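Spelled out, the chains give:
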Amino acid sequence: MTRRFITIVLFVTWLSACASGHKTNMPTIENPYLQHLHDFTHVGVEAMQQEKWPVAIQVFEKALNMAKLINEPATLIRSWYNVSMAYKAASKMQKAEASLQQTLSLAQLHHVLADEIRAKLQLNLIHFAQDRQFEEVPALPTGLAADIYLMAGKLAYLQHHEQHSKQRYALAIRASGEDRVGLSSQAKALLGLAQLAKRETDAQLAKNYALKVLRICHQIGEPRLSAHASLLLAGLPHGLSQQEALDYARRAKNIYVLLHDKYGQKKAEMLLQKLIKSSQIFR
Amino acid sequence: MVDSLNFVSSIKRQVGWFVILGIGVLILVILIASMRSHVFAKKFYLFVAPPSASMFYEGQTVKFQGFGIGNIDRISLQDEGQVRVSLRLLERYRPMVHQGAVVQLMKEGLLGEQILILTQGDTSKPMLNDGAILAYEEEASLKQLITSLKPGVINANILLKELATLSLWMNDPYSDLRVSMAGLREISESVQGENVHLAMQSLTNTLQKLDAIVADLDEQKLPMQLADTLRRGTSILKNIEPLSKALASDGVETIQRSNDLLKHVNELSASMTVITTDLSEVSPELTAVARDSRATLKEMRALLLKLQNTWLVAGSSPKKKPKKLETAPPVLNLQP
């Protein structure tokens, strides 16, 4: 009995020693192309955040070349998707669509569901703007990244599926982290919810969401989003005083001017004129 | 009667021998102790004039090449208000100490007391005379290092923009700078717990190479402003060496401070990324230059992290997280 006990104790000790004492002196080997891929992608994402589209295209194309050299499906698919986003942001829709088609076919071939959904949602957003036929998007599973829920929320909003849109924006907020990218996603989802509330004529709720967006923008610095939120606040039928609405409209206009956003500037100016007129009538 | 007298005298003899033996042992012990503590050894005196006496005390050990060669004999305040520390050192070490020797105040080990370190000086020069006054050097404190890094961080933008002009020279794969950067890569690879010392050697070699580059700048006929910029860059990298040494001597309390430094390195690295995108607009070739600089900072950061994780805190290498490829933010028209 004692002998058996000792044998067990020795065996357990040996096992734990093996488990805890195993150290490898093998050097870490890294694929230099993978390192370059990460570097280029990081710079590309930064450029996208700073709205430097030509730089983002250039850097994401380099990243794509690296991904081709690495010859690994997951990185290749993601690189195609990244470059497509840069093209889309730069309004090069044909190239964006071609890159998204590449993303889609590769994602389907290698069963990368997240990137397949990303590609389909983006293609649908492009097709919606061009009044074209939609791609069939698979049902969204749980645990996806925030950007996917954001796109799905936007698409549902455009298709007037308000409930779906709300749910997806809520999921986007839940899936967002607390870092800069996460907060940016949260702000976008909150702006989407504010637009939904405005559409449903709940001005107070829209105001609350928009103010939250402004708070996040103040924290992370997203001037375009901040302008959108200010414009939305200025355009609310009630919940703000005339003076406050004018102030928000002016602030939105100033940002659009600085960002050379002609369309946004025009919208802000039109709203500003409307508000000034109504304030004169009120007097 | 005779027997009893014999007995008494024998006892007396025994007691006598016992006392003599005891005294003999005592003298021997005193002799050995005095020999070991160099009480009778010949001494010589050196003086040092530190800015303050607050870190010194009488009897404080003075070491030379790791050996205790004496101690502080006296600390006095001169008429002019200057502090004078008198070092009493063993004469037999005098031939080893040459002119140009300096005295440094250092901490012995992680939790040890502070000791004085006497350097050898310039061996080509004559040995020191008795009563010579030595220069005093303070070990660079981390606070000073971090303070000196701050301007580096602030100047990062200027630094990088000017680095862009240097691109042609730097892009040469066989240039000294490229070789030095490769040296930094070697460092971050070699830091694995116990071989911190080796990493330090490697770092020193790299810094020497960078020094050589800076020395050659005039020959490269680069504009003065660019030369200054590179010097500034070199000084940022140089700060890492004393930091590492300070990490070795200051121990656990340093970790928080090295976190601060790490934060600075991260900030510099982040600004490097922003500049990289700016540079790309100017010329596509320049991106590679800025990326290389960013990579160097990344390696500095890795070095700091490894020093923290492997050696003082955990004693094991940091857990490697699988790197996920970043995703571009979705492009959505959110304008109301």
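Parameters at a glance
- Residues numbered from 1 in each chain as written.
- Chains lettered and ligands numbered in written order.
- Predicted model: local features only at pLDDT ≥ 70, side-chain atom pairs only at ≥ 80, totals over all residues.
- Heavy atoms only, no water.
- Axes fitted to C-alpha atoms, helices over the stretch in contact; angles between N-to-C directions.
- Helix = DSSP H or I, 4+ residues; strand = E, 2+ residues; numbered from the N terminus.
- Parallel < 35°, antiparallel > 145°, perpendicular 65-115°, else oblique.
- Left-handed = near helix turned anticlockwise from the far one by under 90°.
- Contact = heavy atoms within 4.5 Å.
- Nonpolar A, V, L, I, M, F, W, Y, C, P; charged D, E, K, R; others polar.
- Buried < 20%, exposed > 50% of the residue type's maximum accessible area, 1.4 Å probe, protein only.
- Buried area = accessible area lost by both parts, 1.4 Å probe.
- Salt bridge = Lys/Arg side-chain N within 4 Å of Asp/Glu carboxyl O.
- Polar contact = N/O pair within 3.5 Å; in protein donor to acceptor, adjacent residues only side chain to side chain.
- pLDDT = per-residue confidence, 0-100.
- Core = buried A, V, L, I, M, F, W, Y, C linked by side-chain atoms within 4.5 Å.
- Phe/Tyr/Trp six-rings, centres within 6.5 Å; stacked < 30°, edge-to-face > 60°.
- Lys NZ or Arg CZ within 6 Å of the ring centre and 35° of its normal.
- Expected span 1.5 Å × (residues − 1).

(A) The arrangement of the packing of helix H6 (residues 113–129) of chain A against helix H7 (residues 146–158) of chain A in detail. Residues and elements named next belong to chain A. Packing of H6 against H7 brings their axes to within 10 Å, and their N-to-C directions diverge by 30 degrees. The angle between the axes of H6 and H7 places the two elements in the roughly parallel class. Where H6 crosses over H7, the handedness of that crossing is left-handed. Of the residues in H7, those touching H6 at Ala 114, Ile 117, Arg 118, Leu 121, Gln 122, Asn 124, Leu 125 and Phe 128 are Asp 147, Ile 148, Met 151, Ala 152, Lys 154, Leu 155 and Leu 158. Along the lines of polarity and charge, the residues of the contact of H6 with H7 split into 10 nonpolar, two polar and three charged.

(B) Structural context of the environment of Ala 194 of chain A. Residue and element names in this part refer to chain A. Position of Ala 194 among the secondary structure elements: in helix H9 (residues 180–199). Counting along the chain gives 28 residues from Ala 194 to Lys 166, while the straight-line C-alpha distance between them is 10.0 Å. When residues no more than four places from it in sequence are discounted, the contact partners of Ala 194 are Ala 206, Tyr 209, Ala 210 and Leu 232.

(C) Region of interest: unusual backbone geometry. Unlike most non-glycine residues, Asp 131 of chain A shows phi in positive territory, near 55 degrees. Although it is not a glycine, Gln 65 of chain B sits at a positive phi angle of roughly 55 degrees.

(D) Here's a closer look at the environment of Leu 275 of chain A. All names here are of chain A. Turning to its location among the elements, Leu 275 is positioned in helix H13 (residues 262–282). Judged by relative accessible area, which is 11%, Leu 275 ranks as buried. With 41 residues separating them in the primary sequence, Leu 275 and Ala 234 have C-alpha atoms 8.6 Å apart. What Leu 275 contacts, discounting residues up to four positions off in sequence, is Ala 234, Gln 242, Ala 245, Leu 246 and Ala 249.

(E) Spotlight on the interface of chain B and chain A. Tallying the contact residues gives 26 residues for chain B and 49 residues for chain A. Summing both sides of the interface, chain B and chain A together bury roughly 3400 Å²; the carbon and sulfur share of this comes to 60%. Joining chain B to chain A, the criterion identifies zero salt bridges. Across the chain B-chain A interface, the total number found is seven residue pairs in polar contact (both at pLDDT 80 or more). Within the residue set of the side of chain B that touches chain A, elements represented by two or more residues are helix H9 (254–282) and helix H10 (284–313) of chain B. The leading source of residues in the side of chain B that touches chain A is H9 of chain B, at seven residues. When grouped by side-chain class, the residues that make up the side of chain B that touches chain A number 10 nonpolar, seven polar and nine charged.

(F) Broad picture of the confidence of the model for chain B. Residue and element names in this part refer to chain B. Confidence in the prediction for chain B averages 66 pLDDT; 42% of positions are at 70 or higher. Taken element by element, the predicted model of chain B shows its lowest mean pLDDT in helix H4 (residues 167–170) (43) and its highest in strand E1 (residues 43–48) (90). Across residues 250–258, confidence stays below pLDDT 50; counting only partners more than four residues off in sequence or on other chains, it has 16 contacts.

(G) Quick look at the nonpolar core. Ranked by internal contacts, the top residues of the largest apolar core, which has 88 residues, are Met 48 and Phe 60 of chain A. A total of 10 residues in this core trace back to one element, the largest contributor, which is helix H3 (residues 53–70) of chain A. Discounting residues that sit within four places of it in the chain, Met 48 of chain A has contacts with Trp 53, Ala 56, Phe 60, Met 85, Ala 86 and Ala 89 of chain A together with Ala 328, Pro 329 and Val 331 of chain B. In terms of nonpolar packing, the next biggest core, distinct from the first, is built from 24 residues, Phe 44, Val 85, Leu 89 and Ala 101 of chain B among them.

(H) Here's a closer look at the packing of aromatic side chains. Throughout the structure, instances matching the rule amount to one aromatic pair over all chains. Look at Phe 56 of chain B and Tyr 136 of chain B: their rings are 5.8 Å apart centre to centre, the planes differ by 65 degrees, and that puts the pair in the edge-to-face class. One end of the pair, Phe 56 of chain B, is in the loop between E1 and strand E2 (61–64); the other, Tyr 136 of chain B, is in strand E7 (residues 133–137), with 80 residues separating them in the sequence. Residue Phe 56 of chain B shares its accessibility class with Tyr 136 of chain B, and that shared class is buried. The ring of Tyr 157 of chain A carries Arg 199 of chain A above its face, with NZ or CZ at 3.8 Å from the centroid. Residue placement shows Arg 94 of chain B over the ring face of Phe 44 of chain B; its charged tip is 5.6 Å from the ring centre.

(I) Seen up close, the side chain of Glu 97 of chain A. All names here are of chain A. By the element assignment, Glu 97 lies in helix H5 (residues 93–109). Judged by its relative accessible area of 15%, Glu 97 is buried. With residues up to four places along the chain from it excluded, the contact list for Glu 97 reads Leu 123, Ile 126, His 127, Gln 130 and Arg 132.

(J) The pattern of salt bridges, seen in detail. Residues and elements named next belong to chain A. Evaluated as defined, the whole model comprises 12 salt bridges over all chains. Notably, a salt bridge pairs Asp 115 with Arg 118, separated by 2.8 Å at the nearest N-O pair. Placement of the pair is Asp 115 and Arg 118 together in helix H6, with a separation of three residues, close to one helical turn. Residue classification places Asp 115 among the buried residues on the basis of a relative accessible area of 1%. The exposure class of Arg 118 is buried, given its relative accessible area of 3%.

(K) H5 of chain A, seen in detail. Residue and element names in this part refer to chain A. When the terminal C-alpha atoms of H5 are compared, their 24 Å separation across 17 residues agrees well with the 24 Å that a helix rising 1.5 Å per residue should span. Those residues of H5 that fall on the buried side of the exposure criterion are Ala 96, Glu 97, Ser 99, Leu 100, Thr 103, Leu 104, Leu 106 and Ala 107. Against helix H4 (73–89) and H6 lie the buried residues of H5.

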